[in-house]
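Residue-level listing of the chains:
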Amino acid sequence: MIERNNDYLKALEAESVYILREAMSEFNNSYLLFSGGKDSIVLAHLAKKAFWPSKIPFKFLHIDTGHNFKETIIFRDQFIEKMGVDLLVKYVEDSVKEGIASEEKGVIPSRNAIQSVTLMSAIDNLSIDCCIAGARRDEEKSRAKERFFSHRDEFGSWLPKNQRPELWNIFSGKKFENEHFRVFPLSNWTELDIWNYISQEEITVPSLYFSHEREVFEYNGIFLATNEFVDSSQFNCLKKFVRFRTIGDMTCTGAVESKGVKTVTDVIEDLKETRISERGSRGDDLRSDTAMEDRKRVGYF
Amino acid sequence: MEFLKFATIGSVDDGKSTLIGRLLFETNNLYDDQIKSISVDQNTKDINFAHVTDGLKAEREQGITIDVAYRYFSTEKRKFMIVDCPGHIEYTRNMITGTSQVNLALVLVDARHGIVEQTKRHIFLSSLMGVKHLAILVNKLDLENYSEEVYSKIVDDCKTFLKKIDIPDVRFMPISALKGDNIISRSENMPWYKGIYLLELLNTVHISSDENLIDARFPVQLVSRSDQNVRSYVGTILSGSFRVGEKVKVLPSGMESQIKRISNINKEFQHAMAGDWVNIELEGDVDISRGDLLCRENNQPTIKQDIDCMICWLDKEKLNPSKKYLIKHLHQEVMCIFKEVLYKISIESLNREMGENLNIGINEIGRVKLRTTKGLICDSFKKNNRTGSFIIIDRFNNQTVAAGMIL
């Protein structure tokens, strides 16, 4: 194999591997948050590298809102089987049944915010002391200030003023009982880095990232896929060629119009041309200027 | 493509947001939804980039920057990470955090005010943290009619101060972030300036020799056992290099062995270098655990319990000489106690403050002696910033309270 001239990818890979190993050493009961999106796929891939020849020493955890794309769930299950890891799925539906969370009201009720409730209840019940997740600093401005080791209090809150300084590459996971950490090994990766790495490592990703024809409707300037969770009879539904840049709930993940993006190489070319930021089509972020920061304060990852 | 991490240091008034916004915008690294937040002054045609670097709600409410922010962009030549450090004195801890990650620091100076105390502090802290490359950007020269005299005066003042400072590569640049002078191309407004412009510096500053390629140091991060019960030592080579077949020394035990195999999931190595993350298998039966270190017989770090070092205090609660703290160094965590505060450095004047009962509080820097319960396997910070650095943790509130550089 030809050594590709991608030194920055080597540097990013090395950094992530180092962080994953530190997380394993600092915590007793870590889970890797796996959604089936590109970032958590790359994260899982890096975890395999970090602990080779041993197995990945973490279980995987998916907070299933029930509003996922079918393609994501099918991909998730195939991926988990291939990786040979244990996946635990916790359902937002169950939190609603237990009465600890309530469904949103409105035209398009989203479960995006209440998935934090399900996540926090899993953290409490399973005594999880560390969630390893694929969030990246370039995604959003409140994430631009995240630490690699991000401290959360007993309510799961992210308090920007309570974060520990991170010097050189010495990380501290010191905390009180009932508190936990979120560890973000992909902090310094950009969307384009992720795709370049997917290309270099020949990693398989869900088909949603590539152009396909599907029925969509416009809501607040975003194209949402018609889905069983929203009564779309009130909207003007039309068929369009689209792809998704992020994969979240069908109720908030906007599609971008796209034709001819069939391969990972096409995605990379497409990103070089695009003028819209990655989360520019995420309904959950567009709700307000500080939507992400507000959610992070109540346990969102 | 190389990866350059650089810090931007200065307060809001120095034009730091404008500089970052300008760099991202002019290198085509802003998206349309981000550009929407940029406004143009109808009279002057100046572009206001301030909102590009807008931070947290808490920060906007209080009109301050609390924390280091990270931003990314790339050119044809390099990929960049901007570590954006707030510059006010109360954020010294952020500057320390930010500069611990970078190869290059850009210090902004307002041409109207010249070298002020804050500039000196920024330069001093950069040198304390071992930054190898420093560029002093004299900004807002448009407001001084692009005057060569104004610029030269500032450069001269700065050079006098720099005599006390130990940074191998320092350079100066006259710029206007607002007007775009000497940012992504040479300015026509300052024909007297013959040096390079900012983007040229970012694209070309020579960083590949910054790494220590001499002293072989491999701290063991994990011990791994394969299905065939083969034990290997997992970690990242911090500096220098290791070869298969080479004799190595294991610290702190002092045992000797030979490297049998170096590998990771990607490939087999004959020769692995600083930055490589590898599994190392050794000949014979050696007892090694996390926190141990592999090196060469003829080039060993020292094992010390009495540590002479500089520290920067990061916590609201002051250093307490009667209290036992945790010290985290490489992959080892032990207890320590502060034996003596030799002196404090006044961050305003850079003078040493000596005397009895010196106490070090938040954002203060001092030279101290500390005693650890177990030896640290260390080099001087100057020689090796990884084996020479540590953090202090308060074991009662779990806060990281100090950063340390071993002398």
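Notes on the structure in this doc start here. Quick caveat, the model's predicted, so the values are computed rather than measured.

### Details of the overall build of chain A
Okay, so step 1: When you go through chain A residue by residue, the secondary structure sums to nine helices and ten strands.
Okay, so step 2: The C-alpha radius of gyration of chain A comes to 19 Å, within 12% of the 19 Å expected for a compact globule of 301 residues.
Okay, so step 3: Along the longest, intermediate and shortest principal axes, the C-alpha atoms of chain A span 55 × 55 × 35 Å.
Okay, so step 4: The proportion of buried residues among the 301 residues of chain A is 62%.
Okay, so step 5: Considering only contacts in chain A between residues 6 or more positions apart, those separated by 24 or more positions represent 74%.

### Some details on the interface of chain A and chain B
Okay, so step 1: With 64 residues of chain A at the contact, the number on the chain B side is 69 residues.
Okay, so step 2: Of the roughly 5,700 Å² buried between chain A and chain B on both sides combined, carbon and sulfur atoms contribute 53%.
Okay, so step 3: When the buried surface of chain A facing chain B is broken down by residue, K145, W168 and R275 of chain A rank first, second and third, together holding 16% of it.
Okay, so step 4: Note that E15 of chain A and K5 of chain B form a salt bridge whose closest N and O atoms lie 3.1 Å from each other.
Okay, so step 5: Across the chain A-chain B interface, the total number found is 22 residue pairs in polar contact (both at pLDDT 80 or more).
Okay, so step 6: Residues of the side of chain A that touches chain B, tallied by class, amount to 21 nonpolar, 16 polar and 27 charged.

### A look at the sheet that holds strand β7 (residues 133-139) of chain B
Residues and elements named next belong to chain B.
Okay, so step 1: The sheet built from six strands is open, its strands ordered β4-β5-β1-β6-β7-β8 with mixed pairing. Unpaired on one side and paired on the other, β4 (69-74) and β8 (169-174) mark the two borders of the sheet. Looking at each pair of strands side by side, their axes are set apart by 25° on average, direction ignored.
Okay, so step 2: Pairing of strand β1 (residues 2-10) with strand β5 (residues 78-86), which is carried by nine bridges, proceeds in the parallel orientation. Among the inter-strand pairings, F3 is bridged to a residue of β5, identified as K79.
Okay, so step 3: Together, β1, β4, β5, β6 (104-110) and β7 form the strand contacts of helix α1 (residues 16-26), whose direction differs from that of β5 by roughly 165°.

### Thoughts on the pairing of strand β25 (residues 400-406) of chain B
Residue and element names in this part refer to chain B.
Okay, so step 1: In terms of burial, β25 is largely enclosed, as seven of its seven residues are buried.
Okay, so step 2: Across five bridges, the pairing between strand β19 (residues 302-313) and β25 is antiparallel. In the strand pairing of β25, I311 is matched with G404.
Okay, so step 3: With five bridges joining them, strand β24 (residues 389-393) and β25 adopt antiparallel strand pairing.

### What about the packing of aromatic side chains?
Okay, so step 1: This structure, assessed with the given rule, holds 25 aromatic pairs over all chains.
Okay, so step 2: A ring pair is formed by W189 of chain A and Y197 of chain A, whose centres lie 5.1 Å apart and whose planes are at 85°; its orientation type is edge-to-face.
Okay, so step 3: Look at Y197 of chain A and you get buried, because its relative accessible area is 0%.
Okay, so step 4: Relative to F242 of chain B, the ring of F218 of chain B lies with its centre 6.4 Å away and its plane at 75°, an arrangement referred to as edge-to-face.

### Details of empty space enclosed by the protein
Okay, so step 1: Enumeration over the complete set of coordinates arrives at two cavities of 30 Å³ or more.
Okay, so step 2: Reported here for the second largest cavity is a volume of approximately 60 Å³.

### Describing the pairing of β1 of chain B
Residues and elements named next belong to chain B.
Okay, so step 1: Within β1, eight of the nine residues are buried, which leaves the element mostly enclosed by the surrounding structure.
Okay, so step 2: Here β1 pairs with β6 via four bridges, running parallel. When the sheet's bridge partners are listed, A7 is paired in β6 with A105.

### Focus on the sheet that holds strand β5 (residues 149-152) of chain A
Residue and element names in this part refer to chain A.
Okay, so step 1: Reading across the sheet, the six strands line up as β3-β2-β1-β4-β6-β5 and stay open at both edges, with mixed pairing between neighbours. Single-partner strands in this sheet number two, and they are β3 (87-91) and β5. Each neighbouring strand pair of the sheet contributes to a mean axis angle of 30°, computed without reference to strand direction.
Okay, so step 2: Sheet contacts for helix α2 (residues 38-51): β1 (30-33), β2 (59-64) and β4 (130-132); angle to β1, the most-contacted strand, approximately 140°.

### Re helix α4 (residues 92-99) of chain B
All names here are of chain B.
Okay, so step 1: Judged by how many residues are buried, α4 sits mostly within the fold: eight of eight residues are covered.
Okay, so step 2: Among the residues of α4, those classed as buried are T92, R93, N94, M95, I96, T97, G98 and T99.
Okay, so step 3: The inward-facing, buried residues of α4 contact β1, β5, α5 (117-128), β19 and β25.

### Some remarks on the side chain of T65 of chain A
Residues and elements named next belong to chain A.
Okay, so step 1: With respect to the secondary-structure elements, T65 resides in the loop between β2 and α3 (70-83).
Okay, so step 2: The class of T65 is buried, set by a relative accessible area of 1%.
Okay, so step 3: Apart from residues lying up to four places away in sequence, T65 is in contact with V92, R111, Q115 and D249.

### Some words on the environment of Y343 of chain B
Residues and elements named next belong to chain B.
Okay, so step 1: When you line up the elements, Y343 lands in strand β21 (residues 332-345).
Okay, so step 2: Residue Y343 is classed as buried on the basis of its relative accessible area, which comes to 8%.
Okay, so step 3: Taking C-alpha positions, Y343 is 7.3 Å from L358, a pair spaced 15 residues apart along the chain.
Okay, so step 4: Among all residues touching Y343, those that are not within four sequence positions of it are M310, R352, E353, M354, L358, G366 and R367.

### Here's the deal with the nonpolar core
For soluble globular proteins, nonpolar side chains are generally found buried alongside one another.
Okay, so step 1: In this structure, F6 and L202 of chain B are the most contacted members of the largest nonpolar core, which totals 144 residues.
Okay, so step 2: Tallying contributions element by element places helix α1 (residues 7-26) of chain A first for this core, with nine residues.
Okay, so step 3: Sequence-distant contacts of L202 of chain B, that is, excluding residues within four places in its chain, are made with L4, F6, L23, F73, R78, F80 and L104 of chain B.

### Some details on α1 of chain A
Structural remark: α-helix, 3.6 residues per turn; residues separated by three or four positions point the same way.
Okay, so step 1: In a regular helix each residue adds 1.5 Å, so 20 residues correspond to 28 Å; α1 of chain A covers 29 Å between its end C-alpha atoms and thus fits that length.
Okay, so step 2: Extensive coverage of α1 of chain A is indicated by the burial of 15 of its 20 residues.

About the cut-offs
Residues numbered from 1 in each chain as written. Chains lettered and ligands numbered in written order. Predicted model: local features only at pLDDT ≥ 70, side-chain atom pairs only at ≥ 80, totals over all residues. Heavy atoms only, no water. Helix = DSSP H or I, 4+ residues; strand = E, 2+ residues; numbered from the N terminus. Rg over C-alpha atoms; globule rule 2.2 N^0.38 Å. Buried < 20%, exposed > 50% of the residue type's maximum accessible area, 1.4 Å probe, protein only. Contact = heavy atoms within 4.5 Å. Buried area = accessible area lost by both parts, 1.4 Å probe. Salt bridge = Lys/Arg side-chain N within 4 Å of Asp/Glu carboxyl O. Polar contact = N/O pair within 3.5 Å; in protein donor to acceptor, adjacent residues only side chain to side chain. Nonpolar A, V, L, I, M, F, W, Y, C, P; charged D, E, K, R; others polar. Pairing = 2+ DSSP bridges. Axes fitted to C-alpha atoms, helices over the stretch in contact; angles between N-to-C directions. Phe/Tyr/Trp six-rings, centres within 6.5 Å; stacked < 30°, edge-to-face > 60°. 1 Å grid on protein atoms, 1.4 Å probe; cavity = no way out; pocket = protein on both sides within 12 Å on 5 of 7 lines; lining within 4 Å. Points joined across faces, edges and corners; volume = space filled by probe spheres on them. Core = buried A, V, L, I, M, F, W, Y, C linked by side-chain atoms within 4.5 Å. Expected span 1.5 Å × (residues − 1).

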